[in-house]
Amino acid sequence: MATKLKNSGAGLWRHSLNTANLTLMLVELLPPGVLDVRREELYTAALLHDIGKIKLEQGLLSKSGPLTPDEWLAIRRHPPLGVAIVRQMDPETPAGIIGSILYHHERWDGKGYFGLAGADIPVGARVLAVADALDAMISNRPYRPRLSWEEALAEIERNAGTQFDPDLAAGAARYLHNIVETRFRTAASCL
Ligand SMILES: [Fe+2]
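Treat the numbers as computed from the prediction; the structure is a model and nothing was measured.

Caption draft 1: Summary view of the overall build of the protein. On a plain count of helices and strands, the protein comes out with 10 helices and 0 strands. Its helices and strands taken in sequence order, the protein reads α-α-α-α-α-α-α-α-α-α from the N to the C terminus. Since a compact globule built from 191 residues should have a radius of gyration of about 16 Å, the 17 Å found for the protein is in line with a globular shape. When the backbone C-alpha atoms are referred to their principal axes, the protein occupies close to 50 × 40 × 30 Å. By the burial criterion, 32% of the 191 residues in the protein qualify as buried. Long-range contacts, defined here as pairs at least 24 residues apart, represent 62% of the contacts in the protein between residues at least 6 apart.

Here is the structure:
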């Protein structure tokens, strides 16, 4: 499946790797016993979360202008399409991987793709949603330039409790802010 992603273009593969690595970092912020999926399954799900996009018309993903309602509907099909691909490759795919892929676009306020809200969203999918959004924001997209880490973390904080699990978003912003600060301080002291 990794080959399918790599062949689909450098952008999707890079985003998949970055999201998976961020997911592993963020999972460490959860209180013990809260995670409802095994770590290695969540890492796999994060690597494959957007694999359904390879079934979409590629022009849709690189479109720089606003999407039409029909185009939005097509884009929203990528989580179930991804689950179908994963199940086709391995019918025994663990439920934790399936749930994390299927619900990675749910929002805490229930306004996501399937309308799950709050605690009804699998915890793994909530972590994946924050990691996915972070990497998307710090990457150049056809419709906007990349944000800085500081700007992206401010967005995560601003959307805590609406788009994102509030505790997770606040913890992620605090934790990554500290890492970014330390990196910059270390880099500056080496000059
Ligand atoms: Fe996605």
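There's plenty left to go through after this.
Caption draft 2: Seen up close, the nonpolar core. By size, the foremost hydrophobic cluster in this structure holds 37 residues, and its most contacted members are Val 127, Val 130 and Ile 156. Within the residue set of this core, elements represented by two or more residues are helix H2 (10-27), helix H3 (39-48), helix H7 (95-102), helix H8 (123-137), helix H9 (149-158) and helix H10 (166-189). Top contributing element to this core by residue count: H8, with 9 residues. When sequence neighbours within four positions are dropped, the list of residues in contact with Val 127 reads Thr 23, Leu 26, Val 27, Leu 42 and Leu 168.

Caption draft 3: Representation of H9 in the model. Along H9, the residues classified as buried are Ala 152, Leu 153 and Ile 156. The buried residues of H9 occupy an angular sector of 95° when the element is viewed end-on, so they sit on one face.

Caption draft 4: Structural detail: the packing of H7 against H8. Running from N to C, H7 and H8 point in directions that differ by 45°, and their axes come no closer than 8 Å. It follows from the interaxial angle that H7 and H8 lie oblique. The way H7 lies across H8 gives a crossing that is right-handed. The segment H7 lies against H8, with Gly 96, Gly 99 and Ser 100 engaging Gly 124, Ala 125 and Leu 128.

Caption draft 5: Seen up close, the packing of H3 against H7. At a closest axis distance of 8 Å, the pairing of H3 and H7 adopts a crossing angle of 40°. Overall, the two elements H3 and H7 adopt an arrangement that is oblique. Both H3 and H7 take part in a crossing whose hand is right-handed. Residues Glu 41, Leu 42, Thr 44, Ala 45 and Leu 48 of H3 lie in contact with H7, whose contacting residues are Gly 96, Ile 97, Ser 100 and Ile 101.

Caption draft 6: Examining helix H6 (residues 78-89) more closely. Helix length check: H6, at 12 residues, gives a terminal C-alpha distance of 16 Å against a target of 16 Å (1.5 Å per residue), a fit within 8%. Looking only at H6, the buried set comprises His 78, Pro 79, Gly 82 and Val 86. On an axial view of H6, the arc spanned by its buried residues comes to 100°, and they lie on one face. Those residues of H6 that are buried lie in contact with H3, helix H5 (69-75) and H7.

Caption draft 7: Region of the structure containing the environment of Leu 60. Here Leu 60 lies in helix H4 (residues 58-61). As a C-alpha pair, Leu 60 and Ile 179 span 119 residues in sequence and 35 Å in three-dimensional space. Sequence-distant contacts of Leu 60, that is, excluding residues within four places in its chain, are made with Glu 71, Ala 74 and Ile 75.

Caption draft 8: Inspection of the confidence of the model for the protein at higher detail. When the pLDDT values of the protein are averaged, the result is 91; 93% of them are 70 or greater. Within the protein, the element-level pLDDT minimum falls on helix H1 (residues 2-7), averaging 70, and the maximum on H7, averaging 98.

Cut-off values and rules
- Residues numbered from 1 in each chain as written.
- Predicted model: local features only at pLDDT ≥ 70, side-chain atom pairs only at ≥ 80, totals over all residues.
- Helix = DSSP H or I, 4+ residues; strand = E, 2+ residues; numbered from the N terminus.
- Rg over C-alpha atoms; globule rule 2.2 N^0.38 Å.
- Buried ≥ 20, exposed ≤ 12 C-beta atoms within 10 Å, placed from the backbone.
- Contact = placed C-beta atoms within 7 Å.
- Core = buried A, V, L, I, M, F, W, Y, C linked by C-beta atoms within 7 Å.
- Arc of directions from axis to C-beta.
- Axes fitted to C-alpha atoms, helices over the stretch in contact; angles between N-to-C directions.
- Parallel < 35°, antiparallel > 145°, perpendicular 65-115°, else oblique.
- Left-handed = near helix turned anticlockwise from the far one by under 90°.
- Expected span 1.5 Å × (residues − 1).
- pLDDT = per-residue confidence, 0-100.

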